[in-house]
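These are the residues of each chain, in order.
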Amino acid sequence: MAQQGFDVVVVGAGIIGLSHALAAARRGLSVAVIDRDRQANGASIRNFGFVTVTGQRAGRTWRRALYSRDVWERVMPQTGIPLLHPDLAVIARRPQAMAVLEEFAAGEMGADCRLLSAAEIEARLPMAAPGSLGGLWSPHERRVEPRTAIPALAAWLERAHKVKFFRGTAVRGVESGVVDTTAGRIAGRHVVVCPGPDLVTLFPERHAAHKLRLCKLQMLRLAAPGWRLPAAVMGDLSLVRYEGYAAMPAAAALGEQLKTEAGDALAHGIHLIIVQSADGSLVVGDSHHYAATPDPFAPVEVERIILREARTLLALPESLPVTERWTGLYPSSPDETAFFEFAAPDVLLSQVSSGTGMSTGFALGEEGIAALLGEPDPLETTWS
Ligand SMILES: Cc1cc2nc3c(=O)[nH]c(=O)nc-3n(C[C@H](O)[C@H](O)[C@H](O)COP(=O)(O)OP(=O)(O)OC[C@H]3O[C@@H](n4cnc5c(N)ncnc54)[C@H](O)[C@@H]3O)c2cc1C
C-alpha cells in the first residue's frame, strides 16, 4: 500500500527535478521530490552555474534559455541565490572567429549583443591576454554558484512552497500513480522522472530509444588571481562547439584553422569557459569524452590543454595554483538538446540530453508540468 499521496511526485533533485517541482508547486499542487543522495551530488552542482543564452541552438533551445534566464532572475532574490556576475564576453583571437561573431551578431540571436574591437576588449577586460582581435559582449547571461544555488533552491521549495523532500531514498520502479522506493511506496497522481545520467534504473528502454551516451567533463578551480571578471569568458574553441555559433557559415573555416592550431583541444572536446566565484577563484573547463560508461579518470594531459587555452584568453598569474579538480556526467543525445515524454499514463520522463540544464531547466519544468496537466505551451507566455 502506498505510504503517502501527492499531486506530483518528482524523482531526482537536480536542477531538472527541482524545476518541475517549482512548476507544480506554484500551481498550488502538493509535491514530493525523491532523491537517493543525502545531498545534491550530480551534474547540477558540478557545472559552471553559467546560465547561457547566447550560443544555444537556434529555435526552441534558445527560447528555453531566454525563458529560464528570466525565471532565474525572479527566483534569485526570493531564494537568496546571489548573482556572481552577469554577461558573457567572447574573446576572438583568430580572424575566422571574429567572422563567426560578426555573422552571429547580425542575426536574431545576436540581438542586444555588441561586437567589440580589440581596444574595447582591453578596456572592458583588462585581464584579457594580449593579442585579442576583438569579441562579442552579450548581456543575456547570468552566473550562480551551483554548489550553493541548488541546495538554496531546494530549501526554498521546502520552506516557501511546502515541497516534501525524501532524501537518501532510491526509486526502484515507477508505475502510473505510484513510486516504489527504498522507503516504501509513495502515491502520486502525476509522476515526473528526472534521473540525469542514470539511464538504466528507470525506463531504460525509453532512454535507449534516444540513443543516449554519457558525456564526462573535466573541470578545475584556480586560486583567486587578484582581479574580478565582469563577465563569463569564452574563446574561439567555444565557437565551433556551441551550436548557435557553430551554425554560422564562417564556423567551417574556423574549425579548419583550429584543427591545425589546437587539434589536441578539439580531440578532447575542450572548449573554454571561465567564470569567477565569490572568493575570487576561477572555475575553468571543460573537456567532453563520450561513452556508455565513461571511465572515472581525469588525465593530467587534458588539464594541461585546458590551462594552456585558458592562458590564451586571460593573463593569469604565472604560479596560480589549481585548488580543486572534479569531473561530471550528463546524458548526451546526437539529435536533441532535451526531451520529455510520457513513459506511462501520467508518468513523464524528462531529460536534458546536452550540457544545458542550468540554462534551460526552468523552461523544461514548466513544459513538463503543462504537458501533464494538458495546459498550452508555457513558452508562449512569460513566467510570473
Ligand atoms: C561539468 C559540467 C559542467 C556543466 N556546465 C553547465 C553550465 O555551465 N550551464 C548549463 O546550462 N549546463 C551545464 N551543464 C549541464 C547541466 O549541469 C545538466 O544539464 C543538469 O545539471 C542536469 O540536471 P539533472 O537534474 O537532469 O541531473 P543531475 O543534477 O545529475 O540530477 C539527477 C538526480 O537524480 C537522482 N536520481 C537518479 N536516479 C534516481 C533514482 N532511481 N532514485 C532516486 N534518485 C535518483 C540523482 O541522485 C541526482 O541527484 C554542465 C554539466 C557538467 C557535468
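The following paragraphs examine the structure supplied in this document. (Residues numbered from 1 in each chain as written. Predicted model: local features only at pLDDT ≥ 70, side-chain atom pairs only at ≥ 80, totals over all residues. Heavy atoms only, no water.)

1. Some details on the overall build of the chain
In step 1: Counting its secondary structure elements, the chain contains twelve helices and 18 strands.
In step 2: Here the C-alpha radius of gyration of the chain, 21 Å, is about what a compact globule of 384 residues would show, namely 21 Å.
In step 3: Along the three orthogonal principal directions, the C-alpha set of the chain runs to about 65 × 40 × 40 Å.
In step 4: Sequence separation of 24 or more characterises 76% of the internal contacts of the chain that already satisfy a separation of 6 or more.
In step 5: In the structure as shown, the chain presents an accessible area of about 15,100 Å², 55% of it carried by carbon and sulfur atoms. (Helix = DSSP H or I, 4+ residues; strand = E, 2+ residues; numbered from the N terminus. Rg over C-alpha atoms; globule rule 2.2 N^0.38 Å. Contact = heavy atoms within 4.5 Å. Areas by Shrake-Rupley, 256 points an atom, 1.4 Å probe, with all protein chains shown as cover.)

2. Observations regarding the packing of aromatic side chains
In step 1: According to the stated counting rule, one finds three aromatic pairs in the structure shown.
In step 2: Between Phe 6 and Phe 166, the aromatic rings sit 6.1 Å apart at their centres with planes inclined by 85 degrees, giving edge-to-face as the arrangement. Highlighted residues: Phe 6 in strand β1 (residues 4-11) and Phe 166 in strand β7 (residues 164-166), separated in sequence by 160 residues.
In step 3: Judged by relative accessible area, Phe 6 falls into the buried class, the value being 13%.
In step 4: Classification of Phe 166 as buried rests on a relative accessible area of 10%.
In step 5: An angle of 70 degrees between the planes, with centres 4.9 Å apart, marks the rings of Trp 72 and Phe 362 as edge-to-face. Taken together, the residues span a long stretch of sequence, with Trp 72 in helix α3 (residues 60-79) and Phe 362 in helix α12 (residues 357-373) at a distance of 290 residues.
In step 6: The ring of Trp 137 carries Arg 124 above its face, with NZ or CZ at 4.7 Å from the centroid.
In step 7: Over the face of the ring belonging to Phe 166 we find Lys 164, whose NZ or CZ atom lies 5.2 Å from the ring centre. (Phe/Tyr/Trp six-rings, centres within 6.5 Å; stacked < 30°, edge-to-face > 60°. Buried < 20%, exposed > 50% of the residue type's maximum accessible area, 1.4 Å probe, protein only. Lys NZ or Arg CZ within 6 Å of the ring centre and 35° of its normal.)

3. Describing the nonpolar core
In step 1: With 64 residues, the main nonpolar core has Leu 125, Leu 229, Tyr 245, Ile 274, Val 284 and Leu 314 as its most contacted residues.
In step 2: Listed in part, the 45 residues of the second largest apolar core include Ala 13, Val 31, Leu 372 and Trp 383. (Core = buried A, V, L, I, M, F, W, Y, C linked by side-chain atoms within 4.5 Å.)

4. Quick look at the site of the ligand
In step 1: The environment of the ligand is formed by 37 residues, the closest being Asp 35, Ser 44, Phe 50, Val 171 and Ser 359.
In step 2: Separating a nitrogen atom of the ligand from a backbone N or O atom of Val 171 is a distance of 2.9 Å.
In step 3: Between the ligand and Met 358, the relevant distance is 3.0 Å, taken from an oxygen atom to a main-chain nitrogen or oxygen of the residue.
In step 4: Listing elements by their share of the shell around the ligand, those giving two or more residues are α1 (15-25), α2 (43-46), β11 (213-222), β16 (322-332) and α12.
In step 5: Here the shell around the ligand is composed, by residue class, of 17 nonpolar, 15 polar and five charged.
In step 6: A domain-level breakdown of the shell around the ligand finds at least three residues from each of domain 1 (4-45 + 147-210 + 336-380) and domain 2 (86-141 + 218-331). (Near = heavy atom within 4 Å. Polar contact = N/O pair within 3.5 Å; in protein donor to acceptor, adjacent residues only side chain to side chain. Nonpolar A, V, L, I, M, F, W, Y, C, P; charged D, E, K, R; others polar. Domains from an automatic or database assignment.)

5. Notes on the packing of α3 against α12
In step 1: α12 packs onto α3 with a crossing angle of 90 degrees between their chain directions and a minimal axis gap of 7 Å. Here α12 runs roughly perpendicular to α3, going by the angle between their axes. Contacts between α3 and α12 pair Arg 60, Thr 61, Arg 64, Ala 65, Tyr 67, Ser 68, Val 71 and Trp 72 from the former with Met 358, Ser 359, Thr 360, Gly 361, Phe 362, Ala 363, Leu 364, Glu 366 and Glu 367 from the latter.
In step 2: In the contact of α3 with α12, the residues fall into eight nonpolar, five polar and four charged. (Axes fitted to C-alpha atoms, helices over the stretch in contact; angles between N-to-C directions. Parallel < 35°, antiparallel > 145°, perpendicular 65-115°, else oblique.)

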